[in-house]
There are 2 protein chains.
Amino acid sequence: MIELHRLRAFVAVAEEGHITRAAGKLGMQQPPLSRLVQGLEAQLGCRLLRRMPRGVEPTEAGLALLEEARAVLARASRVEDAVRRTARGEAGRLAVGFTSSAALHPFG
Amino acid sequence: MIELHRLRAFVAVAEEGHITRAAGKLGMQQPPLSRLVQGLEAQLGCRLLRRMPRGVEPTEAGLALLEEARAVLARASRVEDAVRRTARGEAGRLAVGFTSSAALHPFG
DNA sequence: GGCCATTACGGGACACGTAAAGATG
DNA sequence: CATCTTTACGTGTCCCGTAATGGCC
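Computed from a prediction, not measured in an experiment: that's the story for all the values here. (Residues numbered from 1 in each chain as written. Chains lettered and ligands numbered in written order. Predicted model: local features only at pLDDT ≥ 70, side-chain atom pairs only at ≥ 80, totals over all residues. Heavy atoms only, no water.)

### Some points on the protein's contact with DNA strand C
Right, so step 1: Taken together, the neighbourhood of DNA strand C is formed by 18 residues, with B:I19, B:T20, B:S34, B:Q38 and B:R51 sitting nearest.
Right, so step 2: Protein-adjacent atoms of DNA strand C, using a 4 Å cutoff, are sugar or phosphate at a proportion of 64%.
Right, so step 3: Between a phosphate oxygen of DNA strand C and a main-chain N or O atom of A:Q29, the distance comes to 3.1 Å.
Right, so step 4: Take B:R35: an N or O atom from its side chain is 3.1 Å from a base nitrogen of DNA strand C.
Right, so step 5: Contributing elements (two or more residues each) for the surface near DNA strand C: α1 (4–16) and α3 (30–44) of chain A together with α2 (19–26) and α3 (30–44) of chain B.
Right, so step 6: Its residues assigned to classes, the surface near DNA strand C shows seven nonpolar, seven polar and four charged. (Near = heavy atom within 4 Å. Polar contact = N/O pair within 3.5 Å; in protein donor to acceptor, adjacent residues only side chain to side chain. Helix = DSSP H or I, 4+ residues; strand = E, 2+ residues; numbered from the N terminus. Nonpolar A, V, L, I, M, F, W, Y, C, P; charged D, E, K, R; others polar.)

### Some details on the interface of chain B and chain A
Right, so step 1: Each side of the interface is counted separately: chain B has 30 residues, and chain A has 30 residues.
Right, so step 2: The largest contributions to the chain B side of the interface with chain A come from B:M1, B:E60 and B:V83, which together make up 21% of the buried area.
Right, so step 3: For the pair chain B and chain A, the interface holds four salt bridges.
Right, so step 4: The closest approach of N and O atoms between A:R8 and B:E3, which form a salt bridge, is 3.3 Å.
Right, so step 5: The tally of links from chain B across to chain A stands at ten residue pairs in polar contact (both at pLDDT 80 or more).
Right, so step 6: When contributions to the side of chain B that touches chain A are tallied by element, the ones reaching two or more residues are α1 (4–16), α3 and α4 (60–87) of chain B.
Right, so step 7: Ranked by residue count, the leading element in the side of chain B that touches chain A is α4(B), at 17 residues. (Contact = heavy atoms within 4.5 Å. Buried area = accessible area lost by both parts, 1.4 Å probe. Salt bridge = Lys/Arg side-chain N within 4 Å of Asp/Glu carboxyl O.)

Put into structure tokens, the structure is as follows:
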């Protein structure tokens, strides 16, 4: 399965259009980032970027991955907080109910 | 961010109720799997499993993570195939339409 | 004593950073 | 020549597997 690390790298590159610029945004150097994307292409068996003289451009497959990757990363980024909140008791015990008559009952 | 590797490990353990059994299912040994879950607990800063004399049991936070992790993993597992299909041209350009009359039209 | 989880230790894979090389306008 | 990407090389970290230790019926 694709690891999130590689997805993050690819999304940054695809959004910036330059490996160099994306590396700066991710706080790393260009060479490791370039290899990360290459590894992803090798894993998927297809090119994700068109290498241009001035930067890169996502291929068709790259665009598809960009969309999917954003969805997965967005969901994954919320997991950590959700679990911690549950551990603190702020969530997880919350039950939400719908009835047709609850609104008629006074509290207490 | 939590890596998918750790999520897969935790889901297997939580579902099996035994680190030993989950390790067999994942094709690995118990010690690395035990450490993987410990690493996840350290990352989240809360216990995910209650260690019992016969196996383990998810805590409240563990149950919350189990649910989230399944959703993320399910989504991530489809990414790879989706991108490869797009690269082969089987998807990405596919438009699906619904009409009220298409069924009345003969092919050709 | 048997079962299960954990710690200890050595080996391999992967990613990073720096430095040098290749490609293109 | 300037810009951007890629390859080369050495280092550090993380994970794995085997072996030994700890806790609880």
